Amino acid sequence: MNVVPLYKPLLKKLINQIAPLAREGNADALDVLSTHLLWVSGLTHGVSIPDTCEAGIAAGEAAALGLEVSEGEERGGHTRALLLLTYADICVRNGGKAHSVQYLIEAAFRARHIKDANQKARVYRKLAYLWGRQHWNPFLAAYFLVKCRQVQGVSADVIAKNDPRVTAQHGANV
């Protein structure tokens, strides 16, 4: 299903939600929003270049505000780890590959403490994707893919998404 045409009229509305969500302290929503906006920023068809640029800038803003809001997240939570991974992705896309490593390391440290099995697997899967696709480190990518597959109690849909062929085809945001 081609959802790109549905995003174009929503883009401004999504961007306008960033400040209110930050004021509310809603790190979960900022995580989701930053991920969607980052996805839009990487589109090569169906969205104009100014819109993709605006989406990329807004994704960075949403992720940065989400990191501020989630600073005190309890051990075992998953939102901060996901925000760290989105922010690392943004850093690499903006030429800050070396800068992104600190966010990947913190996300990896937090991943082992995540209580929700599906979210834990998701964080490990995205770590594998980012290390493999953006940092060209097949050893760390393989390590995190193994960690992802070792998580017990993962739902069937997450298990399907953990297949590297699916992740390679659709990107890390599946």
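So, here is what we can say about the structure in this document. (Residues numbered from 1 in each chain as written. Predicted model: local features only at pLDDT ≥ 70, side-chain atom pairs only at ≥ 80, totals over all residues. Heavy atoms only, no water.)

1. Some details on helix α8 (residues 138-150)
1) Next: With 13 residues, α8 extends 18 Å from end C-alpha to end C-alpha; this agrees with the ideal 18 Å at 1.5 Å per step.
2) Next: Among all positions in α8, only Ala141, Phe144 and Cys148 are buried. Looking straight down α8, one finds its buried side chains confined to an arc of 70°; they lie on one side. Exposed side of α8, more than 90 degrees from the buried face: Pro138, Phe139 and Arg149 are the residues found there.
3) Next: On its buried face, α8 is in contact with α6 (97-111) and α7 (117-134). (Helix = DSSP H or I, 4+ residues; strand = E, 2+ residues; numbered from the N terminus. Expected span 1.5 Å × (residues − 1). Buried < 20%, exposed > 50% of the residue type's maximum accessible area, 1.4 Å probe, protein only. Arc of directions from axis to C-beta. Contact = heavy atoms within 4.5 Å.)

2. Considerations on the state of the cysteines
1) Next: Applying the stated criterion across every chain yields a total of zero disulfides.
2) Next: No disulfide involves Cys91; its sulfur sits 17 Å from the nearest other cysteine sulfur, which is in Cys53.
3) Next: The exposure class assigned to Cys91 is buried, which follows from its relative accessible area of 10%. (Disulfide = S-S within 2.5 Å.)

3. A closer look at the nonpolar core
1) Next: Counting residues in hydrophobic clusters, the biggest one holds 29 residues, and the most contacted among them are Leu85, Leu104, Val123, Tyr124, Leu127 and Phe144.
2) Next: Where this core is concerned, the elements lending two or more residues are α5 (79-93), α6, α7 and α8.
3) Next: Tallying contributions element by element places α7 first for this core, with eight residues.
4) Next: The residues contacting Val123, other than those within four sequence positions of it, are Ala81, Leu82, Leu85, Ala107, Ala111 and Ile114.
5) Next: In terms of nonpolar packing, the next biggest core, distinct from the first, is built from 20 residues, Val4, Leu33, Leu38 and Leu43 among them. (Core = buried A, V, L, I, M, F, W, Y, C linked by side-chain atoms within 4.5 Å.)

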